[in-house]
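# What the coordinates show
Residue-level listing of the chains:
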Amino acid sequence: MAKEMAGMERSTTWQETLVHDASLEGTAVLLRELVAHLRQNRTQLREEWAKRITEAKLLTAMSKEEIFAEATAVYDQYVEALQTGTFEALQAYARSLSERIIPRGVETHEVVGIVLLLRDVLARSLFAKYQADFTKLDRILDAYEPAANRIANTVAVGFVQERERVIRQQQEAIRELSTPVLQVRERLLILPIIGVIDPQRARQLTEQLLRGIRTNRAKVVVIDITGVAAMDATVANHLVQTVEASRLLGATVIVTGLSPEIAQTLVTIGVDLGKMNTVGDLQGGIEQAERLLGYKVVPAGAAS
Amino acid sequence: MEVPVLKQGQFLIATVQAALTDEDLVHLRRAMVERVVRSRSLGVIIDVTAMDIMDSFASRTLREIAQMIRLRGAETIIVGIQPDVAFAMVQLGITLEGVVTALDLEEGLDYLKNKFDSSA
């Protein structure tokens, strides 16, 4: 009796194993069948997708030909990812696609939208093909859905990361742009500051100025803050430090264009104004700088 | 480490090498004053181009050197502070208060020549 029972248990276990193996192998087989189907019907599925993109009014920044060309590439990458189960190639493609389309003004919702539309178009074609065999459809979708979702994820994340990279790059460019160090005479530099100065920008400003003093061998620097509306205590201290550091490099600093608000801030926080050489406006600052450097400016054709 | 000191007319030029220990700084302070006396110099340039750090002890010692040399009727000027060093100094609140500074050796010589030419 025990032996029979044991025999029965053993065969059940073996059956379960058989079923388990079959389902694993089944998934791989199904994926292959799925990929074959997508490759065979490439032309019409791609057209269907392009049509849906236009209907949804996505990628309006691109022409029909461009959309079709990119759609072809995306479709092939999609099917490739489904087949190989690896996503590196897709990631690389997503990044290069993003680099191409971001300057064209394509938005995140459009990219996510078109990838989801492709997922839907392919899913519908699977429904159509396997509608007679619900069990098989069920298992095909089991194989398809995780892969399709991961693909959508990969493409969307790739796009967003590229956007963030571009934004960082632009922020850096704006920072560089906003603090030019300009030589207007021999040994005279002007630093016109415009906009908001945060501690990071203030620090960058100082580094750029000090390097500029050394490169141009400047003896006088005019820092004009006409374009700065307000300054908090931290930034005001940075300004004082900039003046002191410039002195260590042998340069005199003249600060011009202090707004009434900033003048108030500086007085209130008790900045040592003896350390700062200030003049009302930029014109006055340049005139004083020229005097310090021994220049005298006279109108041409004046008393000879 | 001995700091090389060269004579240029009525001026002395001391060129600091990279890293000066506290003992080196103290030695420099004594050596500079003795040289000023011996050479009857009117001005001293201390070139710190090669110094990549300036701490509070170095700064104080340089200020003391300038003060001691002034007592001998001579002028001191520190030249060659690097942008990075200047930035670090002001952040730490280390100033060379009361000491004349210039960009480099050329500027330092220019300053001293102008100072003594005009008073001649």
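The structure reproduced in this document is the subject of the present report. A quick note: this is a predicted structure, and the numbers were derived from the prediction, not measured.

## Some remarks on the sheet that holds strand S4 (residues 75-79) of chain B
Within a sheet, adjacent strands bond to each other through the backbone by hydrogen bonds, running parallel or antiparallel. Residue and element names in this part refer to chain B. With mixed pairing, the five strands of this open sheet are ordered in space as S1-S2-S3-S4-S5. Across the chains shown, the open sheet's two edge strands, defined by having one partner strand only, are strand S1 (5-8) and strand S5 (100-102). Strand-to-strand twist in this sheet, taken as the mean axis angle between neighbours without regard to direction, amounts to 25°. Of the strand pairs in this sheet, S1 and strand S2 (residues 11-15) are connected by four bridges, and their pairing is antiparallel. Following the sheet pairing, Val 5 is matched in S2 by Ala 14.

## Some words on the pairing of S4(B)
Residue and element names in this part refer to chain B. Burial analysis of S4 places four of its five residues in the buried class, which makes it a mostly covered element. With five bridges joining them, strand S3 (residues 43-47) and S4 adopt parallel strand pairing. Paired with Ile 46 across the strands is Ile 78, a residue of S4. Remark: the S3/helix H2 (residues 56-71)/S4 crossover connection has right-handed handedness. With three bridges joining them, S4 and S5 adopt parallel strand pairing. Bridge assignment links Ile 77 to a residue of S5, and that residue is Val 100. Crossover handedness for the path S4 to helix H3 (residues 83-91) to S5: right-handed.

## As for the interface of chain A and chain B
Contacts between chain A and chain B engage 13 residues on the former and 13 residues on the latter. If you list the elements that add at least two residues to the side of chain A that touches chain B, you get helix H7 (199-216) and helix H8 (233-248) of chain A. Class assignment of the residues belonging to the side of chain A that touches chain B gives a composition of four nonpolar, three polar and six charged.

Rules behind the numbers
- Residues numbered from 1 in each chain as written.
- Chains lettered and ligands numbered in written order.
- Predicted model: local features only at pLDDT ≥ 70, side-chain atom pairs only at ≥ 80, totals over all residues.
- Pairing = 2+ DSSP bridges.
- Helix = DSSP H or I, 4+ residues; strand = E, 2+ residues; numbered from the N terminus.
- Axes fitted to C-alpha atoms, helices over the stretch in contact; angles between N-to-C directions.
- Buried ≥ 20, exposed ≤ 12 C-beta atoms within 10 Å, placed from the backbone.
- Right-handed = clockwise from strand over helix to strand, strands pointing away.
- Contact = placed C-beta atoms within 7 Å.
- Nonpolar A, V, L, I, M, F, W, Y, C, P; charged D, E, K, R; others polar.

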